[in-house]
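Inside the fold
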Amino acid sequence: MKAYLFNAENGLYQGETFEQADMLVNEDGITTIPPPHYEQGQVPVFDTLKREWNLMDVSLVRRLFAGRDST
């Protein structure tokens, strides 16, 4: 099944993968909800409480996470 990866701490989209459905149950940072179409200068951010993606401007994301370790 196709799944979408995001940083579990900040929700930033990290890409796509394929996983078996039973492997998704207890995993952080992965969802089967596809991110919305986004354009240059935007980044999808997953809200784990609402279980939905939001689009944010890259410039805002850079300001919000500047100086934080992204690993």
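Each remark here, short or long, concerns the structure printed above.
**Section: the overall build of the protein**
In terms of helices and strands, the protein carries 2 helices and 5 strands. What you see in the protein, going N to C, is helices and strands ordered as β-β-α-β-β-β-α. In terms of its C-alpha atoms, the protein occupies a principal-axis envelope of roughly 35 × 25 × 20 Å. Scored against the burial criterion, the 71 residues of the protein give a buried share of 28%. Taking all contacts inside the protein whose residues are at least 6 apart in sequence as the whole, residues at least 24 apart take part in 33%. Split by element, the accessible area of the protein, about 5300 Å² in all, is 48% carbon and sulfur.

**Focus on the side chain of Thr 31**
Examined against the element boundaries, Thr 31 turns out to sit in strand 3 (residues 30-31). Among the polar contacts made by the side chain of Thr 31, one reaches the main-chain amide nitrogen of Ile 33 at a distance of 3.1 Å. Beyond its immediate sequence surroundings of up to four residues, Thr 31 is in contact with Ala 3, Tyr 4, Phe 6, Phe 46, Arg 51 and Trp 53.

**Looking at the pattern of salt bridges**
A complete count under the given rule lists 1 salt bridge for this structure. With a shortest N-O distance of 3.3 Å, Lys 2 and Glu 16 are connected by a salt bridge. Of this pair, Lys 2 sits in strand 1 (residues 2-6) while Glu 16 sits in strand 2 (residues 13-18), placing them 14 residues apart in sequence. Given a relative accessible area of 36%, Lys 2 falls into the partly exposed group.

**Here we look at the packing of aromatic side chains**
For the structure on display, the rule yields 5 aromatic pairs. Pairing Tyr 13 with Tyr 38 gives two aromatic rings, centres 6.1 Å apart and planes at 65°, and the pair type is edge-to-face. Taken together, the residues span a long stretch of sequence, with Tyr 13 in strand 2 and Tyr 38 in the loop between strand 3 and strand 4 (42-47) at a distance of 25 residues. Given the relative accessible area of 19%, Tyr 13 is considered buried.

**A closer look at unusual backbone geometry**
One non-glycine residue, Arg 51, lies in the positive phi region at around 55°. With respect to the helices and strands, Arg 51 occurs in the loop between strand 4 and strand 5 (52-57). In this structure Arg 51 comes out as partly exposed when scored by relative accessible area, which is 46%.

Thresholds applied
Residues numbered from 1 in each chain as written. Predicted model: local features only at pLDDT ≥ 70, side-chain atom pairs only at ≥ 80, totals over all residues. Heavy atoms only, no water. Helix = DSSP H or I, 4+ residues; strand = E, 2+ residues; numbered from the N terminus. Buried < 20%, exposed > 50% of the residue type's maximum accessible area, 1.4 Å probe, protein only. Contact = heavy atoms within 4.5 Å. Areas by Shrake-Rupley, 256 points an atom, 1.4 Å probe, with all protein chains shown as cover. Polar contact = N/O pair within 3.5 Å; in protein donor to acceptor, adjacent residues only side chain to side chain. Salt bridge = Lys/Arg side-chain N within 4 Å of Asp/Glu carboxyl O. Phe/Tyr/Trp six-rings, centres within 6.5 Å; stacked < 30°, edge-to-face > 60°.

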